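Residues per chain, in single letters:
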Amino acid sequence: MNEDIFNMSVRKFLKKVGVTSQREIETAIRAAVESGALKPGAAADAKVVLSIPAAGLEVTIDGAIETE
């Protein structure tokens, strides 16, 4: 395995995940606050499931999104 190519591929994937996730989270949280589903200043529980079936990987990452 070429470590340089592997490392760059992982970094490229993580950048895509980060940019896409941030955009989707911001849109969803703003919409939830505007609709009243989420109170301003409240935290929203968040979960991400990272899956790479070919590698047998499935990891769940839990956290919270603060709005204040």
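Residues numbered from 1 in each chain as written. Predicted model: local features only at pLDDT ≥ 70, side-chain atom pairs only at ≥ 80, totals over all residues. Heavy atoms only, no water.

On the surface, M1, F6, V10, F13, L14, V17, V48, L50, I52, V59 and I61 cluster together to form a nonpolar patch covering roughly 970 Å² of accessible area. Among the elements of the structure, α1 (3-35), β1 (44-52) and β2 (57-65) are those that each provide at least two residues to the nonpolar patch. In terms of residue count, α1 provides more of the nonpolar patch than any other element does, five residues in total. Here F6 is to be found in helix α1. The exposure class assigned to F6 is partly exposed, which follows from its relative accessible area of 40%. (Patch = residues over 30% accessible without salt bridge, like charges linked within 9 Å, V, L, I, M, F, W, Y side chains within 5 Å. Areas by Shrake-Rupley, 256 points an atom, 1.4 Å probe, with all protein chains shown as cover. Salt bridge = Lys/Arg side-chain N within 4 Å of Asp/Glu carboxyl O. Helix = DSSP H or I, 4+ residues; strand = E, 2+ residues; numbered from the N terminus. Buried < 20%, exposed > 50% of the residue type's maximum accessible area, 1.4 Å probe, protein only.)

Bringing the pairing of β1 into the picture now. Bridge count between β1 and β2: nine bridges; the pairing is antiparallel. Residue pairing for β2: D45 is matched across the bridge by A64. The hairpin turn running from β1 into β2, its antiparallel successor, is four residues long, and G56 in that turn takes a positive phi close to 70°. (Pairing = 2+ DSSP bridges.)

Let us now look at α1. The first and last C-alpha atoms of α1 sit 47 Å apart over 33 residues, in line with the 48 Å expected at 1.5 Å per residue. For α1, the capping residue at the N-terminal end is N2, with a side-chain oxygen 3.0 Å from the backbone nitrogen of D4. Directly beyond the C-terminal end of α1, a positive phi value near 90° is found at G36. (Expected span 1.5 Å × (residues − 1). Polar contact = N/O pair within 3.5 Å; in protein donor to acceptor, adjacent residues only side chain to side chain.)

Inspection of the secondary structure assignment puts E26 in helix α1. Separated by 42 residues in the primary sequence, E26 and E68 place their C-alpha atoms 13 Å from one another.

With that out of the way, let us pick up the layout of surface pockets. For the largest pocket, the calculated volume is near 390 Å³. What lines the largest pocket is a set of 16 residues, among which V17, S21, I25, K47 and V48 lie closest to the centre. Broken down by class, the residue content of the lining of the largest pocket amounts to 13 nonpolar, one polar and two charged. (1 Å grid on protein atoms, 1.4 Å probe; cavity = no way out; pocket = protein on both sides within 12 Å on 5 of 7 lines; lining within 4 Å. Points joined across faces, edges and corners; volume = space filled by probe spheres on them. Nonpolar A, V, L, I, M, F, W, Y, C, P; charged D, E, K, R; others polar.)

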